[in-house]
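These are the residues of each chain, in order.
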Amino acid sequence: MGQKFETHSGLQQGGQGQDEIDLTHLVNIIRRSFLRICVLTTLVAIIAAMFISDLPPIYKASTVLQLQIQQAKPIAIQGVLQNDINNKDYFQTQIEILRSDLITEKVISKLTLSQHPFYTQHKPRNKFAEILHNLKNRLSPTTTSVPIIDPQDFIGQIKSAVHISLIKNTPLLTISYEHYSADLAALIANTYADVYIQHNRNFRVQQTVTASLWLKDGVQVLKDNLNLAESNLTDFLQQENLIHDSGIDNFTTTELQNLTTKLNTIRSELISAQTLYRQINQAQDLDLLTSTSIKALSNQVVIVELRNDYTRAKNNIAQLSKRYGPLHDKMIHANAQLSVAEDNAQKALQQLALGFKKSLTLLEQNESAVIAALEAKKADHRTLIKQKARYTELNRELTSSNQLYNMFLMRLKETSLTNDLNLSTVTITDIAKTPRSPFKPKRVLILVLVILLTLMLLVAHALITALFFVNQDNLKNLSVPLLGSLPNLKMIDKKFHLKSPQQLFLTNSMIFEATQSLRTSLQLSARTKKQQIIMLTSSTIAEGKSTSAIYLAMALAQSHKTIILEADMRKPSVRKKMGIPNTQKGLVDILTTSGNLNSYIWHDPHSKLAVLCAGELTDSPSNLLSSTRFASCLAILRAQYDYIIIDSPPSLLVSDAFIIGQHSDFNILVTRSNKSKIGDLSNTIELLAKHGVSTDGIILNQESLKNDKRYQYQYQYKKETALAS
């Protein structure tokens with residue numbers, strides 16, 4: 001095809017290549033359906049108004065409660081009485097309590113709703129329900145009985161009319177009740193509030209009693225614990241010979257510090273003594289001068305004197321040796337003095353070593369004694385620490401037991417004082433009053449919504465029909481020209497199904513003028529293309545293809561020799577429509593048997609139209625249409641007739657039209673106005689083109705009179721003529 005079909009005819013291609021909505025086209029679509037939309041909307045509005053006016057009124061009464069965020073706390077122990085009201089789930093919990101079966105049962109019991117006349121007697125019905133009830137009683141009479149109320153269903157019925165909600169960002173809660181009776185709606189709403197407050201108060205009292213019992217048991221247990229703690233502390237002090245903790249605190253660490261200092265001093269002296277003792281032992285192996293040079297011995301007076309004697313004897317020998325020989329008496333006497341001095345020094349060193357050894361032994365004994373005393377004191381100190389820890393533990397247990405006992409005792413006294421105080425965390429802010437006007441149904445709003453919804457549906461239906469179904473507007477988007485349209489026969493003549501096409505063609509001026517206009521358009525197209533064999537096909541069934549072929553053939557037969565060939569051998573309808581006898585042979589017979597072609601042609605004396613019917617049904621119409629005999633028949637008919645109109649089967653269903661199209665000169669596609677889909681029409685054109693069959697024109701069948709100005713003119717002209725006569 002030359003261009004692709006645009007499904008939505010309301011969208012046209014703009015100059016910049018963008019789709020723009022053609023509002024004028026959409027308005028025209030709505031304008032053409034305006035009368036139908038208004039009539040249907042009016043009818044729906046009238047019916048809706050009748051139903052709405054008969055709906056029973058429903059009244060709504062509301063009670064407002066205030067939930068205390070900070071409730072009174074006669075007992076300050078958290079978890080005993082105080083609920084976590086600041087919890088975000090608290091309000092939701094209260095709503096669920098109000099919606100519970102328990103509260104509803106109390107309301108029903110308090111108001112004896114199960115015996116209320118509204119529930120024990122039959123409710124008044126509206127007009128439509130009353131009519132249906134009367135009809136039912138006439139068909140099957142039944143005796144009236146008192147309705148049996150099921151308790152659980154009755155609770156559900158009452159609960160379904162209760163609506164509980166929170167006022168945003170406030171501790172206010174609204175209880176609403178809807179009912180057909182205004183007084184009963186207010187009464188039930190207020191009763192719900194009273195029952196809920198009483199339930200809350202009873203719950204608080206029950207909590208208080210439970211807390212009192214719990215506190216009494218707790219006080220007794222704590223008193224026993226306190227007595228036990230006092231007994232344990234007393235026994236400990238007596239066992240350890242203590243009066244109080246100050247006796248333990250007198251045992252300080254002073255003695256440990258003194259013993260440690262003394263041990264350090266002894267060890268220092270011991271180290272010094274050990275050093276001297278080693279030095280003296282070393283000095284015994286040295287000469288007197290060398291040994292006396294040792295620092296540890298240089299401070300000893302005896303050693304200093306002996307060294308002086310030794311030095312004088314040594315010096316004396318040195319002086320005498322200068323004058324005397326070794327055997328001289330003075331030399332011998334001087335050497336004897338030196339030997340005595342050395343012996344005395346050696347003895348003195350031995351005495352010092354013995355003295356230092358005793359001193360060392362004594363220091364070691366002192367060290368051992370101090371160490372033993374220190375370990376004993378440490379053991380005593382550890383014992384004192386354990387005593388202090390045990391005392392602290394017992395004293396702490398006594399103190400905590402005493403504090404708990406005093407606290408519980410105080411709470412028990414407070415609870416006893418407030419035991420008879422009824423506390424509630426809920427107060428009534430607004431009492432429900434008897435409503436003066438019904439809450440629903442909102443009749444005006446419902447009627448407006450019904451009218452708007454009806455308008456929207458009807459407008460949508462009109463737009464969808466105009467955009468997605470075949471009409472004169474969206475046919476302009478196709479590359480195939482519109483040859484003409486045939487009117488809706490039912491709108492012209494309500495008894496059209498009782499008349500033959502020949503009668504309607506010759507007696508109805510509107511049909512006659514429509515077919516003449518179609519013939520004129522067809523003949524004008526002959527200037528560009530030969531039109532002797534004209535094939536009419538459609539996309540699918542029930543589009544008026546055969547009827548259009550008959551009327552077009554009769555219009556051409558008025559001035560030219562014309563024959564209509566019924567090639568729809570699967571579902572033929574031309575014979576029946578034109579009233580041709582069933583015994584008349586047709587196309588199937590001439591293609592399957594031999595004989596004179598003209599003997600199979602039926603001539604209508606009124607319209608001058610020749611007809612070659614389909615004849616007997618066959619199982620292989622495509623094979624017959626593809627045969628050389630069919631081509632030969634068309635060649636014979638070409639020589640005898642000016643126009644050959646071929647009624648072909650639907651193109652989307654079977655392939656017969658593709659075969660016939662190989663022999664036809666001009667091909668027309670018949671479609672039904674506002675019934676056939678524009679997509680099917682476009683697919684048919686593409687499919688025919690794919691098989692080498694061109695679509696040269698379109699006939700719009702069953703077009704509404706108001707959509708075609710020609711029909712309007714004819715209808716108006718006919719009406720004026722009738723009035724003038």
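What counts, and at which threshold
- Residues numbered from 1 in each chain as written.
- Predicted model: local features only at pLDDT ≥ 70, side-chain atom pairs only at ≥ 80, totals over all residues.
- Heavy atoms only, no water.
- Helix = DSSP H or I, 4+ residues; strand = E, 2+ residues; numbered from the N terminus.
- Buried < 20%, exposed > 50% of the residue type's maximum accessible area, 1.4 Å probe, protein only.
- Contact = heavy atoms within 4.5 Å.
- Areas by Shrake-Rupley, 256 points an atom, 1.4 Å probe, with all protein chains shown as cover.
- Polar contact = N/O pair within 3.5 Å; in protein donor to acceptor, adjacent residues only side chain to side chain.
- Phe/Tyr/Trp six-rings, centres within 6.5 Å; stacked < 30°, edge-to-face > 60°.
- Lys NZ or Arg CZ within 6 Å of the ring centre and 35° of its normal.
- Core = buried A, V, L, I, M, F, W, Y, C linked by side-chain atoms within 4.5 Å.
- Pairing = 2+ DSSP bridges.
- Axes fitted to C-alpha atoms, helices over the stretch in contact; angles between N-to-C directions.
- Expected span 1.5 Å × (residues − 1).
- Arc of directions from axis to C-beta.
- Left-handed = near helix turned anticlockwise from the far one by under 90°.
- Nonpolar A, V, L, I, M, F, W, Y, C, P; charged D, E, K, R; others polar.
- Parallel < 35°, antiparallel > 145°, perpendicular 65-115°, else oblique.
- Salt bridge = Lys/Arg side-chain N within 4 Å of Asp/Glu carboxyl O.

A word on the overall build of the protein chain. When helices and strands are tallied, the protein chain shows 26 helices and 14 strands. A buried classification covers 40% of the 725 residues belonging to the protein chain. Long-range pairs, those at least 24 residues apart, make up 80% of the contacts in the protein chain with a sequence separation of at least 6. As displayed, the protein chain has an accessible area near 41300 Å², and 55% of this comes from carbon and sulfur atoms.

Looking at the element boundaries, Thr 63 is found in strand β3 (residues 59-67). Engagement of the side chain of Thr 63 in a polar contact is seen with the side chain of Asn 190, the distance being 3.0 Å.

Attention now moves to the side chain of Asn 474. Tracing the sequence through the fold places Asn 474 in the loop between α15 (443-468) and β7 (482-487). Under the relative-accessibility criterion, Asn 474 is labelled buried at 0%. A polar contact of 2.6 Å, which involves the side chain of Asn 474, links it to the backbone oxygen of Phe 469.

Moving on, we come to unusual backbone geometry. The residue after Lys 440, namely Pro 441, is reached through a cis peptide bond having omega 5°. The residue Pro 441 is located in the loop between β6 (426-430) and α15 in this model. A positive phi angle, near 60°, is found at Lys 608, a position not held by glycine. Residue position: Lys 608 is located in the loop between β10 (602-603) and β11 (610-612).

This part covers the packing of aromatic side chains. Per the stated rule, a full pass over the model turns up two aromatic pairs. With a centroid separation of 5.1 Å and 50° between ring planes, the pair formed by Phe 505 and Phe 512 is classed as tilted. The class of Phe 505 is buried, set by a relative accessible area of 0%. The ring of Phe 439 carries Lys 60 above its face, with NZ or CZ at 4.6 Å from the centroid. Here the basic side chain of Lys 561 rests over the ring of Tyr 641, its NZ or CZ set 5.0 Å away from the ring centre.

Core analysis: the biggest nonpolar cluster contains 36 residues, and Ile 534, Leu 536, Val 611, Ile 645 and Ile 668 have the highest contact counts within it. In contact with Ile 534, not counting residues within four places along its chain, are Leu 522, Leu 556, Tyr 643, Ile 644, Ile 645, Ile 646, Phe 666 and Ile 668.

Let us look at the sheet that holds strand β8 (residues 533-538). What the eight strands build is an open sheet, ordered β7-β14-β13-β8-β12-β9-β11-β10; its pairing is mixed. Since the sheet does not close on itself, it has two edges, and those belong to β7 and β10, each with one partner. Strand direction decides the pairing type here: strand β9 (residues 562-566) and β11, joined by three bridges, are parallel. In the sheet register, Ile 563 faces β11, and the bridge partner there is Ala 610. Sitting on the sheet, helix α25 (residues 678-690) is in contact with β8, β13 (666-672) and β14 (697-703), with an inclination near 160° to β13.

Looking now at the sheet that holds β3. Read across the sheet, four strands follow the order β4-β5-β3-β6 without closing on themselves; strand pairing throughout is antiparallel. In this open sheet, the two edge strands, each paired with only one partner strand, are β4 (162-166) and β6. On average, each strand axis in the sheet is inclined to that of its neighbour by 30°, with strand direction left out of account. Docked against the sheet, helix α8 (residues 182-239) engages β3, β4, β5 (172-179) and β6, running at close to 20° with respect to β3.

For α25, built from 13 residues, the straight-helix expectation of 18 Å at 1.5 Å per residue is met to within 8% by its first-to-last C-alpha distance of 18 Å. Along α25, the positions that sit buried rather than exposed are Ile 678, Leu 681, Ser 682, Thr 684, Ile 685 and Leu 688. Down the axis of α25, the buried set is contained in an arc of 155°. They therefore lie on one face. On its buried side, α25 packs onto α15, β8, α24 (656-660), β13 and β14.

Further remarks concern the environment of Ala 567. You can see Ala 567 is positioned in the loop between β9 and α20 (574-578). Since its relative accessible area comes to 0%, Ala 567 is described here as buried. For the pair formed by Ala 567 and Leu 587, sequence separation is 20 residues and the distance between their alpha carbons is 7.4 Å. Apart from the residues lying within four places of it in its own chain, the contact partners of Ala 567 are Leu 587, Leu 625, Ile 646, Asp 647, Pro 649 and Ile 660.

Across the interface, helix α3 (residues 90-98) lies against α8 with an axial gap of 11 Å and an inter-helix angle of 115°. In this structure, α3 meets α8 at a crossing whose hand is right-handed. For the pair α3 and α8, the contacting residues are Gln 94, Ile 97 and Leu 98 in the first and Tyr 192, Tyr 196, His 199 and Asn 200 in the second. Of the residues contributing to the contact of α3 with α8, the split by class is four nonpolar, three polar and no charged.

Moving on, we get to the packing of helix α4 (residues 101-111) against helix α7 (residues 151-160). A pair of packed helices is captured by two measures, namely the crossing angle of their axes and the spacing between those axes. In contact at an axis separation of 10 Å, α4 and α7 are set at 95° when each is read in the N-to-C sense. Classed by the angle they form, the pair α4 and α7 counts as roughly perpendicular. Together, Asp 101, Thr 104, Glu 105 and Ile 108 of α4 and Gln 152, Phe 154, Ile 155, Ile 158 and Lys 159 of α7 make up the contact between the two elements. Among the residues making up the contact of α4 with α7, the classes are represented as four nonpolar, two polar and three charged.

On to the pairing of β9, then. In terms of burial, β9 is largely enclosed, as five of its five residues are buried. Taking every second residue as pointing to the same face, both faces of β9 are buried, with Thr 562, Ile 564 and Glu 566 on one and Ile 563 and Leu 565 on the other. Pairing of β9 with strand β12 (residues 643-647) involves five bridges; the strand directions are parallel. Of the residues in β12, the one forming a bridge with Ile 564 is Ile 645.

This part takes up α7. Among all positions in α7, only Phe 154, Ile 155 and Ile 158 are buried. Taken down its axis, α7 places every buried residue within 100° of arc, on the same side. Exposed positions of α7 whose direction lies more than 90 degrees from the buried face are Gln 152, Asp 153 and Ser 160. For α7, the elements touching its buried residues are α4, α5 (117-120), β4, β5 and α8.

A side chain with one charge may pair with a side chain of the opposite charge, provided their charged atoms come close. Scanning all chains against the criterion turns up eight salt bridges. Residue Glu 178 is joined to Lys 440 by a salt bridge in which the shortest nitrogen-to-oxygen separation is 3.2 Å. Of this pair, Glu 178 sits in strand β5 while Lys 440 sits in the loop between β6 and α15, and the two are 262 residues apart along the sequence. For Glu 178, a relative accessible area of 14% puts it in the buried group. Asp 656 is the salt-bridge partner of Arg 570, the closest N and O atoms lying 3.0 Å from each other.

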